[in-house]
Amino acid sequence: MSTETQEAGSPALIDRFGRHVDYVRISVTDRCDFRCVYCMNEDMRFVPRARLLTLEEILFVARAFTELGVRRIRLTGGEPLVRRNITWLLKEIHDLPGLDELLLTTNGSQLARLSGKIHDAGVRRINISLDSLRPERFRRITRNGDLGKVLSGIEVARSAGFDRIKINTVILKHYNDDEIIDLLRYVIAHSMDISFIEEMPLGVIGDHDRAASYYSSDDIRRDIERHFPLQASSEKTGGPARYFRIPETETRVGFISPHSHNFCSTCNRVRLTTEGRLLLCLGQEHSVDLRHVVRSWPGDIDILKQAIIDAMDLKPEGHDFQLDSRPVILRHMNVTGG
Ligand code: SAM
Ligand code: SF4
């Protein structure tokens, strides 16, 4: 049990199924300049600012996690780079003792402006979401995104000195399933990695039929193997992706397959929502209100750490995603922190 592990003096978060939690994803804002069809409704109502954790509160929670043995933190959202002073937060979290790696997931729209500062803050690997290389289609998927701006952001990021840049792509049938090879050629030409993500049923999205747009990782793999050989790789980057190499290139191809290859048994992650809710599973509602703890006992890190330790007992064995019924999870991905 987690509490016993703590009392034995080992700073580790272990859940009831023996899984060691050493990775936290933090959604620093639910706001975003895009409205991707699988992530948000067109007219989203965002959380009132007073209910969002402040940057200082996020840093305090991050510190509690690192003192409990968390080694890797990812900032995500919403679009993390639209939050004011985000580079301050990146630097502060990066400097926390015990943290091995600080990661960032972004839609790329602000990278032309911020890549240098993100790198200066200590971030060495970033994920950039990109679902199409065709401007009209990109706009259809993101509802208002400007592909040119994202591609120039990627160029600036490439020259900023990051160790690795990974492109995240959600493939949807009838939207972009015919662009898998083009996207792959693009990442190979620019020595980047790519992960293909199966769409997850998070939140009801009015005009989008998730079952109809589902395109499995196995389908994507089959499409790729018509053009490129894929060599299975045992590499791990701390997340749920299964990796393959394309021989004679620097590119790694990952598959994140919550439906077809459920990754729950090795899950090492928890998530912090914009409102400070600690989510023990992406696909379940088990959670603890850490904002309440932080605001009720300001500055008391021991009480916060105990709340996190106790929360481990709530981590469920796995998610329960169904594509063909109404989503059981009503929160959208931008709140959850993808
Ligand atoms: N705005 C940033 C971005 O787009 O990279 C960070 C937040 S976004 C929620 C993080 C990742 O989640 C993106 O790669 C996005 O494609 C993915 N995502 C969003 N909604 C999803 C869904 N319903 N199923 C699967 N992936 C989703
Ligand atoms: Fe914004 Fe990222 Fe969601 Fe797209 S996937 S709407 S970019 S938060």
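In the block above lies the structure referred to throughout.
This report concerns the structure included in the present document. (Residues numbered from 1 in each chain as written. Chains lettered and ligands numbered in written order. Predicted model: local features only at pLDDT ≥ 70, side-chain atom pairs only at ≥ 80, totals over all residues. Heavy atoms only, no water.)

1. Digging into the site of ligand 1
Part 1 of the reasoning: Close to ligand 1 lie 19 residues, the nearest being Tyr-38, Gly-78, Thr-106, Ser-129 and Met-200.
Part 2 of the reasoning: Within the side chain of Glu-79, a nitrogen or oxygen atom sits 3.2 Å from a nitrogen atom of ligand 1.
Part 3 of the reasoning: For ligand 1, an oxygen atom lies 3.1 Å from a polar atom in the backbone of Thr-106.
Part 4 of the reasoning: In isolation ligand 1 exposes 540 Å². Once the protein is present, 96% of that is buried.
Part 5 of the reasoning: Among the elements of the structure, β5 (101-106) and β7 (164-170) are those that each provide at least two residues to the shell around ligand 1. (Near = heavy atom within 4 Å. Polar contact = N/O pair within 3.5 Å; in protein donor to acceptor, adjacent residues only side chain to side chain. Areas by Shrake-Rupley, 256 points an atom, 1.4 Å probe, with all protein chains shown as cover. Helix = DSSP H or I, 4+ residues; strand = E, 2+ residues; numbered from the N terminus.)

2. What to know about the environment of Asp-22
Part 1 of the reasoning: Considering the arrangement of structural elements, one finds Asp-22 in the loop between β2 (20-21) and β3 (23-27).
Part 2 of the reasoning: Note: C-alpha distance between Asp-22 and Ala-12 (10 residues apart in sequence) is 7.8 Å.
Part 3 of the reasoning: With residues near it in sequence (within four places) discarded, Asp-22 still touches Gly-69, Val-70, Arg-71, Arg-72 and Asn-268. (Contact = heavy atoms within 4.5 Å.)

3. Brief notes about the site of ligand 2
Part 1 of the reasoning: Neighbouring ligand 2 are the residues Cys-32, Phe-34, Arg-35, Cys-36, Cys-39, Met-40, Gly-78 and Asn-107.
Part 2 of the reasoning: Class assignment for the residues of the shell around ligand 2 results in 5 nonpolar, 2 polar and 1 charged. (Nonpolar A, V, L, I, M, F, W, Y, C, P; charged D, E, K, R; others polar.)

4. Some remarks on unusual backbone geometry
Part 1 of the reasoning: Even without a glycine there, the phi angle at Ser-191 is positive, about 55°.
Part 2 of the reasoning: Here Ser-191 is to be found in the loop between α7 (180-189) and β8 (193-197).
Part 3 of the reasoning: Even without a glycine there, the phi angle at Glu-248 is positive, about 65°.
Part 4 of the reasoning: Along the polypeptide, Glu-248 turns up in the loop between β10 (242-245) and β11 (252-256).
Part 5 of the reasoning: Taking relative accessible area as the criterion, Glu-248 reaches 86% and is therefore assigned exposed. (Buried < 20%, exposed > 50% of the residue type's maximum accessible area, 1.4 Å probe, protein only.)

5. Looking at the pattern of salt bridges
Part 1 of the reasoning: Across all of its chains, the model carries 24 salt bridges by this definition.
Part 2 of the reasoning: Close ionic contact of Arg-125 with Glu-101 constitutes a salt bridge, the shortest N to O distance being 2.7 Å. A residue pair is termed long-range when its members are at least 10 positions apart, and Arg-125 in strand β6 (residues 125-129) and Glu-101 in strand β5 qualify at 24 residues.
Part 3 of the reasoning: Exposure remark for Glu-101: the relative accessible area of 19% places this residue in the buried category. (Salt bridge = Lys/Arg side-chain N within 4 Å of Asp/Glu carboxyl O.)

6. A short note on the packing of helix α3 (residues 86-94) against helix α4 (residues 111-120)
Part 1 of the reasoning: Running from amino to carboxyl end, α3 crosses α4 at an angle of 20°, the nearest separation of the two axes being 9 Å. The orientation of α3 relative to α4 falls into the category roughly parallel. When you trace α3 past α4, the crossing you get is right-handed. When α3 is examined against α4, the residues Thr-87, Leu-90 and Lys-91 are found in contact with a partner set consisting of Leu-114, Lys-117, Ile-118 and Asp-120. (Axes fitted to C-alpha atoms, helices over the stretch in contact; angles between N-to-C directions. Parallel < 35°, antiparallel > 145°, perpendicular 65-115°, else oblique. Left-handed = near helix turned anticlockwise from the far one by under 90°.)

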